[in-house]
Amino acid sequence: MTLQDYKADVTTIFRRNTYRGFADWRQCGNLEYDLINYLDKAAKDLLKEYRDKDLFDLVCVSFVKWANTEKDDSNGETQNFVATAFELWDHIYERNQPEMPHEKMLDWFMKKMDGSLIDYMEEFILEYVMEHFREPDFQEKKLSFLRSRIALREAEAKEKSWRTHEAQRCREFVLQIYGEQKRPIDEIREYAKDLTSSSARELLAKIELEYGNHNECIAIYQDLVDKEDSSPWYESKYNQKLKSLYKDFGTQEQYEKQVEKLLFIEAGKDEILEEYKALVPADKWEQTRDCIFDALEEKKRYPLSWYSSEKCYDRLMAGVEHLSISSLEQYEGELCQRYPDRCLAMLVAHAESAVQQATQRKQYRALADCLRWMSRYPGDHDKAKELAAKY
């Protein structure tokens, strides 16, 4: 098949799965499936024939068509298609054949980031470029492009405020390249001083680590942790990283404190409990564990999976009572024989609540399911019948 034949097939796939240039959510799923399968099959044939340039052209044509097609891609079709495009570009990049060297690939990518594609598809191209083409000449070419793009986005930001974010992202890419080029650390720090986003600060921390500057790396992550701790959500990304750094650098005391801190951030996650347990002498574990559980319960937090794994059934029953009927369903096997009356009381309360809210057949069906659930308890058929008659 010639390249034109392949391109004609791609055009047919788009035409078949759109109506007047638009793909609704059903068509978009079919478009993604048909296009990805076709490109995968074409890639096997073209790579076998060393037609890397034809494959690159075919993927790029498909990428542009996808970008220019209006669609409902709410089920992740664009991400799936782009992942396939990246994978196929990677095959070509790694082979670096004379007919399709890195330079030609980069030239196409640069030309397509001229505003002719919808912005989020341009962002995908920029992401790919930044993860590849690390030869010295290409790095300088990328820097020149980024500086021009920053100036353009900052000028546009006067009327379109969201362009500021794009300019900041490009600045982060410049910082990334500076680190890859191993520029003097003072120059890198000077450039990074005005980059305040968490992603930029973490990037600088990674560069400091690559340069062997452990203290500076730790200091940046400590600042990121302070911001994370002030969040109303239980986030742990930077706390986890700081824990790993303390462990890697052999700072045992800070490492142990960070693990204990994470117990309260990631309550219920088995990995952190096991990591903390390994730090406590076996003869002191139960006392230490109960202190942790008490402190969590004071904050109205009930790590049921921990209670279960530690066989703390009194705590597990109390935690289930504080939470929901779905928790009882999850841990009923461990609780119904030990606390049948308390389990049944939860079911009765749930049934009473359900009947008060029931206005439709579906809700009454849920109530009936609850009564059948109750009837499974030994000796409690009468209670279920009593409530059924009452309702």
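Position numbers for residues count from 1 along each chain, tracking the sequence in the order it is written. For this predicted model, a pLDDT threshold of at least 70 governs which residues receive local features, and a threshold of 80 or more governs which side-chain atom pairs are given and counted, while totals over whole chains, interfaces and linings are taken from all residues. The basis for the side-chain values is all heavy atoms of the structure; hydrogens and waters are excluded.

Draft legend 1. Here's a closer look at the overall build of the chain. Looking only at helices and strands, the chain has 21 helices and 2 strands in total. Counting only C-alpha atoms and orienting by the principal axes, one finds that the chain spans roughly 80 × 60 × 50 Å. Relative accessible area decides the class of each residue, using a 1.4 Å probe on protein chains only: under 20% of the type maximum gives buried, over 50% gives exposed, and in between gives partly exposed. Out of the 391 residues belonging to the chain, those deemed buried represent 44%. Note that His is not counted, nor are the chain ends; the positive residues are Lys and Arg, and the negative ones are Asp and Glu. Charge coordinates come from a single atom per side chain, which is NZ of Lys, CZ of Arg, CG of Asp or CD of Glu. Considering the chain, the positive charge centre built from 59 side chains and the negative charge centre built from 76 side chains are found 3 Å apart. By definition, any uninterrupted DSSP run of H or I lasting at least four residues is a helix, any uninterrupted run of E lasting at least two residues is a strand, and each is numbered from the N terminus.

Draft legend 2. Fine view of the pattern of salt bridges. Salt bridge, as applied in this entry: a Lys or Arg side-chain nitrogen positioned within 4 Å of an Asp or Glu carboxyl oxygen. According to the stated counting rule, one finds 34 salt bridges in the structure shown. With a closest N to O distance of 2.9 Å, Glu-49 and Arg-51 form a salt bridge. Accessibility expressed as a relative area gives 46% for Glu-49, which makes it partly exposed. We classify Arg-51 as buried; its relative accessible area is 17%. Asp-186 is the partner of Arg-189 in a salt bridge, and the nearest nitrogen-oxygen pair spans 3.7 Å. Separated by 3 residues within a single helix, Arg-189 and Asp-186 lie in helix 9 (residues 185-192), roughly one turn from each other.

Draft legend 3. How the structure looks around the nonpolar core. Grouping buried Ala, Val, Leu, Ile, Met, Phe, Trp, Tyr and Cys residues that are joined through side-chain atoms within 4.5 Å yields what is termed a nonpolar core. Among the nonpolar cores identified, the biggest contains 117 residues, and Phe-63, Trp-89, Met-105 and Phe-109 are the most heavily contacted of them. The contact criterion used is simple: two residues touch if any of their non-hydrogen atoms lie within 4.5 Å. If we ignore the near neighbours within four places in the chain, the residues touching Met-105 are Phe-56, Trp-89, Ile-92, Tyr-93, Met-100, Tyr-128 and Phe-133.

Draft legend 4. Fine view of the packing of aromatic side chains. Here a pair means two rings of Phe, Tyr or Trp (six-membered ring of Trp) with centres within 6.5 Å. Their orientation is stacked below 30 degrees between planes, edge-to-face above 60, and tilted elsewhere. For the structure on display, the rule yields 22 aromatic pairs. Aromatic side chains Tyr-93 and Phe-133 sit 5.2 Å apart centroid to centroid with 90° between the ring planes, which places their arrangement in the edge-to-face category. Of this pair, Tyr-93 sits in helix 4 (residues 77-95) while Phe-133 sits in the loop between helix 6 (119-130) and helix 7 (136-156), and the two are 40 residues apart along the sequence. Each member of the pair, Tyr-93 as well as Phe-133, is classed as buried. Pairwise contacts between aromatic rings join Phe-56, Phe-63, Trp-66, Phe-81, Phe-86, Trp-89, Tyr-93, Trp-108, Phe-109, Tyr-128, Phe-133 and Phe-138 into one cluster. Over the aromatic face of Tyr-313 sits the side chain of Arg-338, whose NZ or CZ is 3.7 Å from the ring centroid. Here the basic side chain of Arg-342 rests over the ring of Tyr-339, its NZ or CZ set 5.3 Å away from the ring centre. For a lysine, the NZ atom is tested; for an arginine, the CZ atom; a charge sits over a ring if that atom is within 6 Å of the ring centre and within 35 degrees of the ring normal.

Draft legend 5. The arrangement of the packing of helix 8 (residues 163-180) against helix 10 (residues 198-210) in detail. To obtain an axis, a line is fitted to C-alpha atoms, over the contacting stretch when the element is a helix, and the angle between two such axes runs from 0 to 180 degrees between their N-to-C directions. It is the contact of helix 8 with helix 10, at a shortest axis distance of 10 Å, that shows an interaxial angle of 0°. In terms of orientation, helix 8 lies roughly parallel with respect to helix 10. On the side of helix 8, the interface is formed by Glu-172, Leu-175, Gln-176 and Gly-179, while helix 10 contributes Ser-199, Ala-200, Leu-203, Leu-204 and Ile-207. An angle below 35 degrees is read as roughly parallel, one above 145 as roughly antiparallel, one from 65 to 115 as roughly perpendicular, and any other as oblique.

Draft legend 6. Structural context of the environment of Phe-22. Looking at where Phe-22 falls in the secondary structure, it is placed in strand 1 (residues 22-23). With residues up to four places along the chain from it excluded, the contact list for Phe-22 reads Gln-27, Glu-70, Lys-71 and Asp-72.

Draft legend 7. Fine view of helix 5 (residues 102-112). Those residues of helix 5 not exposed but buried are His-102, Met-105, Leu-106, Trp-108, Phe-109 and Met-110. If you follow the buried residues of helix 5, they end up packed against helix 3 (52-68), helix 4, helix 6 and helix 7.

Draft legend 8. Here's a closer look at unusual backbone geometry. Residue Phe-133 is not a glycine yet carries a positive backbone phi of 55°. For Lys-182, which is not glycine, the phi dihedral falls at a positive 60°. With respect to the helices and strands, the residue Lys-182 is situated in the loop between helix 8 and helix 9. Residue classification places Lys-182 among the partly exposed positions, given a relative accessible area of 49%.

Draft legend 9. Spotlight on the side chain of Ser-308. Looking at the secondary structure, you find Ser-308 in helix 16 (residues 304-309). By relative accessible area, Ser-308 is classed as buried at 17%. When neighbours within four sequence positions are excluded, Ser-308 is seen to be in contact with Leu-316, Tyr-331 and Glu-334.

Draft legend 10. Representation of the side chain of Thr-84. Along the chain, Thr-84 falls in helix 4. Ignoring sequence-local partners within four residues, the contact set of Thr-84 consists of Ile-36 and Asp-40.

Draft legend 11. Spotlight on the packing of helix 9 against helix 10. Contact pair helix 9 / helix 10: the axes reach a minimum separation of 11 Å and the direction vectors enclose 175°. Relative to helix 10, helix 9 is oriented roughly antiparallel. Only Arg-201, Leu-204, Ile-207 and Glu-208 of helix 10 make contact with helix 9, whose side of the interface consists of Ile-185, Ile-188, Arg-189 and Ala-192. Only Asp, Glu, Lys and Arg are considered charged in this grouping, and only Ala, Val, Leu, Ile, Met, Phe, Trp, Tyr, Cys and Pro are considered nonpolar; every other residue, Gly among them, is considered polar. Of the residues that constitute the contact of helix 9 with helix 10, the class distribution is 5 nonpolar, no polar and 3 charged.

Draft legend 12. Geometry of the environment of Leu-371. Mapped onto the fold, Leu-371 is located in helix 20 (residues 361-375). By relative accessible area, Leu-371 is classed as buried at 12%. Linking Leu-371 and Leu-347, residues 24 residues apart in sequence, is a C-alpha distance of 8.2 Å.

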